[in-house]
Amino acid sequence: MHKCNCEQPLVPIMVEVIDIKEETPDVKSFFVKNIDSNGVPFNIEPGKLAMVSHVPVGEGMFSCTWQEGDEYLQFAIKNVGLLTGELHQIEVGQKLGVRGPYGNGFPVQDCKGKNMLFIGGGIGLAPLRSFIKYCFKNRADYGKIDILYGSRSYADLCFKEELFELWLQEKDTRVHVTIDNPEEGWGGHVGFVPAYLEEINPATENTIAVVCGPPIMIKFVLQALEKMGFSDEQVITTLEMRMKCGIGKCGRCNIGSEYVCLDGPVYYLNQLKQLPPEW
Ligand code: FES
């Protein structure tokens, strides 16, 4: 059942951290449950975000993973500043606030019947993962699935259990993992994501590519996809880093007259190309 503070959209729902998992040296997953109902504070579709508040430090917008049947929300948060640094210090049992969901989310319905190519770098796998899990939960609705993911080093790869075990067991699914530089003990691919993408050279026919990662990776991945023959209508990305207040109030997400928080953050490339080139 959907639960939210619809009458008071800025008032967070209080949640308790029920588990914390260290994904990498600077990324932790936080699993939270509604304190009052002991369940999920609200349902949230793939690609949408939620505001997490940690009193008195502040609040921040993070992508969130939830699937039908889950009684918790999961946030994978990278330690990049004051708020995220403080969040990395908390322990199980800590109370936080959450509000949301925000954003349009991935077009999971539009993509039905398509082959899916997910391309991620670093913490960019977090939002993609919610869509990937959705595809696996609704496996018959999607064609072949390719997941291409890269990070600086083995230690920096997020969600290793899924990458190296769980997703490999899924039907018609290939997982391609790469790290930037060679390192002892790593027998997998070495090199940057855009170059690996060209090596894999996935079929373009009836395929949708979904891209999320550092801006420099996205830039070169988009170029590689174009070179391989993907049209702008076949490429989706998310500008979720622009999401601040999430409700059209702070004015920090504008691209031209567009409010990313209200109209995005997920866009097809042909939609993005109609905006001023500030993304
Ligand atoms: S994020 Fe504040 S106006 Fe869009």
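Remember, it's a predicted structure, so these values are computed and weren't measured experimentally.

1. Some details on the environment of L128
Relative to the helices and strands, L128 is located in helix 2 (residues 125-137). Take L128: there are 26 C-beta atoms within 10 Å of it, and that puts it in the buried class. In the structure, L128 is positioned 82 residues away from P46 in sequence and 7.9 Å away in space, judged by C-alpha atoms.

2. A closer look at the sheet that holds strand 8 (residues 145-151)
Working definition: the strands of a sheet are paired by backbone hydrogen bonds and lie parallel or antiparallel to each other. Read from one edge of the open sheet, seven strands run 10-9-8-7-11-12-15, paired in mixed fashion. This sheet does not close on itself; its edge strands, each paired only once, are strand 10 (189-190) and strand 15 (266-268). For strand 9 (residues 173-179) and strand 10, the ladder comprises two bridges, and the chain directions are parallel. When the sheet's bridge partners are listed, I179 is paired in strand 10 with V190. Set on the sheet, helix 2 makes contact with strand 7 (115-121), strand 8, strand 11 (207-212) and strand 12 (235-238); between it and strand 7 the angle comes to about 155 degrees. Relative to the sheet, helix 5 (residues 215-228) contacts strand 7, strand 11 and strand 12, its axis offset from that of strand 11 by approximately 165 degrees.

3. Digging into unusual backbone geometry
Looking along the chain, the bond that leaves V55 and enters P56 is cis, with omega of 5 degrees. Residue placement: P56 occurs in the loop between strand 3 (49-54) and strand 4 (58-63). In this structure, N206 is a non-glycine residue whose phi angle is positive, near 55 degrees. With respect to the element layout, N206 can be found in the loop between helix 4 (193-200) and strand 11.

4. So, the sheet that holds strand 4
Strand order in the open sheet formed by six strands is 4-3-6-1-2-5, and the pairing between neighbours is antiparallel. Looking at strand neighbours, the two that pair on one side only are strand 4 and strand 5 (73-78), the edges of this open sheet. Between one strand and the next, the sheet's axes are offset by a mean angle of 40 degrees, whatever the strand orientation. Both strand 3 and strand 4 contribute to a ladder of six bridges, which runs antiparallel. Note on strand 4: the bridge partner recorded for H54 is G58.

5. Observations regarding the nonpolar core
One finds A50, L73 and V210 to be the most contacted residues of the largest nonpolar core, which totals 70 residues. Broken down by element, this core gets its largest block of residues, seven residues, from helix 2. When sequence neighbours within four positions are dropped, the list of residues in contact with A50 reads I44, F62, C64, L73, V98, R99, G100, P101 and Y102.

6. Focus on helix 4
Turning to helix 4, its buried residues are V193, P194, Y196 and L197. Projection of helix 4 onto a plane perpendicular to its axis shows the buried side chains occupying an angular sector of 160 degrees, all on one side. Buried residues in helix 4 make contact with strand 7, strand 8, strand 9, strand 10 and helix 5. Just downstream of helix 4, N201 is the residue with a positive phi angle, here 50 degrees.

7. Digging into the domain arrangement of the chain
Taken domain by domain, the chain consists of domain 1 (13-102) and domain 2 (115-238). Measuring from the centre of the C-alpha atoms in domain 1 to the corresponding centre in domain 2 gives 24 Å. The interface is formed by 11 residues belonging to domain 1 together with 15 residues belonging to domain 2. Its residues assigned to classes, the side of domain 1 that touches domain 2 shows four nonpolar, five polar and two charged.

8. What about helix 5?
For helix 5, built from 14 residues, the straight-helix expectation of 20 Å at 1.5 Å per residue is met to within 8% by its first-to-last C-alpha distance of 20 Å. Within helix 5, the full set of buried residues consists of M217, I218, V221, L222 and L225. The buried side chains of helix 5 occupy one side of the element, clustering within an arc of 130 degrees when seen end-on. Exposed residues pointing more than 90 degrees away from the buried face of helix 5 are listed as I216, K219, Q223 and K227. Buried-residue contacts for helix 5 involve strand 7, helix 4, strand 11, strand 12 and helix 7 (269-272). Backbone geometry just downstream of helix 5 places G229 in the positive-phi region, at approximately 105 degrees.

Procedures and definitions
- Residues numbered from 1 in each chain as written.
- Predicted model: local features only at pLDDT ≥ 70, side-chain atom pairs only at ≥ 80, totals over all residues.
- Helix = DSSP H or I, 4+ residues; strand = E, 2+ residues; numbered from the N terminus.
- Buried ≥ 20, exposed ≤ 12 C-beta atoms within 10 Å, placed from the backbone.
- Pairing = 2+ DSSP bridges.
- Contact = placed C-beta atoms within 7 Å.
- Axes fitted to C-alpha atoms, helices over the stretch in contact; angles between N-to-C directions.
- Core = buried A, V, L, I, M, F, W, Y, C linked by C-beta atoms within 7 Å.
- Arc of directions from axis to C-beta.
- Domains from an automatic or database assignment.
- Nonpolar A, V, L, I, M, F, W, Y, C, P; charged D, E, K, R; others polar.
- Expected span 1.5 Å × (residues − 1).

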